[in-house]
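Spelled out, the chains give:
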Amino acid sequence: MTSRRVARVRGVFYSTFYRLPSRWRRRLVRLATQKYIVGGVVLVRDADRDAPDRLVLLRQPPGYGWSLPAGLLKRGEPPAVGAARELFEESGIQVSAEDLIPLSPNALVHSNGRWVDMVFEARVPADVAFAVDGAEVYEAAWHRIDALPPLTAPTARLLAYYGMGPYAEYPEVRGGD
């Protein structure tokens, strides 16, 4: 097709598109655009500055590795609110969305391009009580950053962005989600 013909076809398409009612235009755009899954992740660190640097990790089914408190955001839910909700649901740790600190980078787009994690940090006292349901989460525990237990591969790759975990020295591993 010549460039003039392409321009004419585009012109007809757009003039027709913009004559449609706005709700139909929105529906068509939603059908044609890529959908994203957005998750909220929280790195929970020990608030005691004198203690060794530690993170809260979760052991979830099937239980082969430890992971970070995380979950999917609800439609229209602000990332910090969803991350705080997921943290509470999975570990029993309650923090307000305002107390979550966005990490840099805050949004991690995974290699398939359809999954985005919004990553935050929270500082809580070491004596915080964990409450896990035994179904979605088997166990929650503090772990020293310099002596992490076996991690799930996605958790190890995510922690590498922040200079932690077994892949911290290998930035090329980060993109393998």
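Higher on the page you've got the structure.
**Q** A description of the overall build of the protein chain should follow, citing residues and the corresponding values.
**A** A tally of helices and strands in the protein chain yields 4 helices and 7 strands. In the protein chain, the succession of helices and strands from N to C terminus is α-α-β-β-β-β-α-β-β-β-α. In terms of overall dimensions, the protein chain is more spread out than a globule: its C-alpha atoms have a radius of gyration of 21 Å, far above the 16 Å expected for 177 residues. For the protein chain, the spread of C-alpha atoms along the principal axes amounts to about 70 × 35 × 30 Å. Out of the 177 residues in the protein chain, the part that is buried amounts to 35%.

**Q** With reference to specific residues and values, describe the environment of I37.
**A** Relative to the assigned elements, I37 resides in strand 1 (residues 37-46). Overall, I37 belongs to the partly exposed group, its relative accessible area being 37%. Setting aside chain neighbours within four positions, we find I37 in contact with L72, R114, W115 and V116.

**Q** Outline the layout of surface pockets, supporting the account with residue identities and numerical values.
**A** Of the volumes computed, that of the largest pocket is approximately 350 Å³. V41, A70, D117, P154 and T155 are the residues nearest the centre of the largest pocket, which is lined by 17 residues in total. If you list the elements that add at least two residues to the lining of the largest pocket, you get strand 1, strand 4 (70-72), strand 6 (115-124) and helix 4 (153-160). Its residues assigned to classes, the lining of the largest pocket shows 7 nonpolar, 7 polar and 3 charged. Roughly 290 Å³ of volume is contained in the second largest pocket. Forming the boundary of the second largest pocket are R30, T33, K35, Y36, I37, V38, L72, L73, K74, R75, G76 and E77. Among the residues making up the lining of the second largest pocket, the classes are represented as 5 nonpolar, 2 polar and 5 charged.

**Q** Explain a positive patch on the surface to me, using residue names and the numbers behind them.
**A** On the surface, R23, R26, R27, R30, K35, R75 and R114 cluster together into a positively charged patch. When you line up the elements, R30 lands in helix 2 (residues 22-32). For R30, a relative accessible area of 52% translates into the label exposed.

**Q** Before we move on, could you go through the packing of aromatic side chains and cite the residues and values that matter?
**A** Summed over all chains, the structure comprises 1 aromatic pair. On the basis of an interplanar angle of 55 degrees and a centroid distance of 6.4 Å, the ring pair of F130 and W142 is categorised as tilted. Of this pair, F130 sits in the loop between strand 6 and strand 7 (139-144) while W142 is found in strand 7, placing the two residues 12 residues apart along the sequence. Owing to a relative accessible area of 29%, F130 belongs among the partly exposed residues under this scheme. A residue is classified by how much of its surface remains accessible, and W142, at 14% relative accessible area, is buried.

**Q** Give me the lowdown on the pattern of salt bridges, citing residues and values where you can.
**A** Inspection of every chain in the model, using the stated rule, returns 9 salt bridges. Residues E121 and R123 are paired through a salt bridge, measuring 3.5 Å at the closest nitrogen-oxygen approach. Owing to a relative accessible area of 9%, E121 belongs among the buried residues under this scheme. Measuring nitrogen to oxygen at the nearest pair gives 2.7 Å for the salt bridge that ties R144 to D146. For D146, a relative accessible area of 59% corresponds to the exposed category. Each of R45, D53, E121 and R123 takes part in one network of salt bridges that share partners.

**Q** I'd like to hear about unusual backbone geometry, residue by residue, with values.
**A** The omega angle of the peptide bond from P61 to P62 is 5 degrees, so this bond is cis rather than trans. Position of P62 relative to the elements: it lies in the loop between strand 2 (54-59) and strand 3 (66-67).

What counts as what
- Residues numbered from 1 in each chain as written.
- Predicted model: local features only at pLDDT ≥ 70, side-chain atom pairs only at ≥ 80, totals over all residues.
- Heavy atoms only, no water.
- Helix = DSSP H or I, 4+ residues; strand = E, 2+ residues; numbered from the N terminus.
- Rg over C-alpha atoms; globule rule 2.2 N^0.38 Å.
- Buried < 20%, exposed > 50% of the residue type's maximum accessible area, 1.4 Å probe, protein only.
- Contact = heavy atoms within 4.5 Å.
- 1 Å grid on protein atoms, 1.4 Å probe; cavity = no way out; pocket = protein on both sides within 12 Å on 5 of 7 lines; lining within 4 Å.
- Points joined across faces, edges and corners; volume = space filled by probe spheres on them.
- Nonpolar A, V, L, I, M, F, W, Y, C, P; charged D, E, K, R; others polar.
- Patch = residues over 30% accessible without salt bridge, like charges linked within 9 Å, V, L, I, M, F, W, Y side chains within 5 Å.
- Areas by Shrake-Rupley, 256 points an atom, 1.4 Å probe, with all protein chains shown as cover.
- Salt bridge = Lys/Arg side-chain N within 4 Å of Asp/Glu carboxyl O.
- Lys, Arg positive; Asp, Glu negative; His and termini not counted.
- Charge placed at Lys NZ, Arg CZ, Asp CG, Glu CD.
- Phe/Tyr/Trp six-rings, centres within 6.5 Å; stacked < 30°, edge-to-face > 60°.

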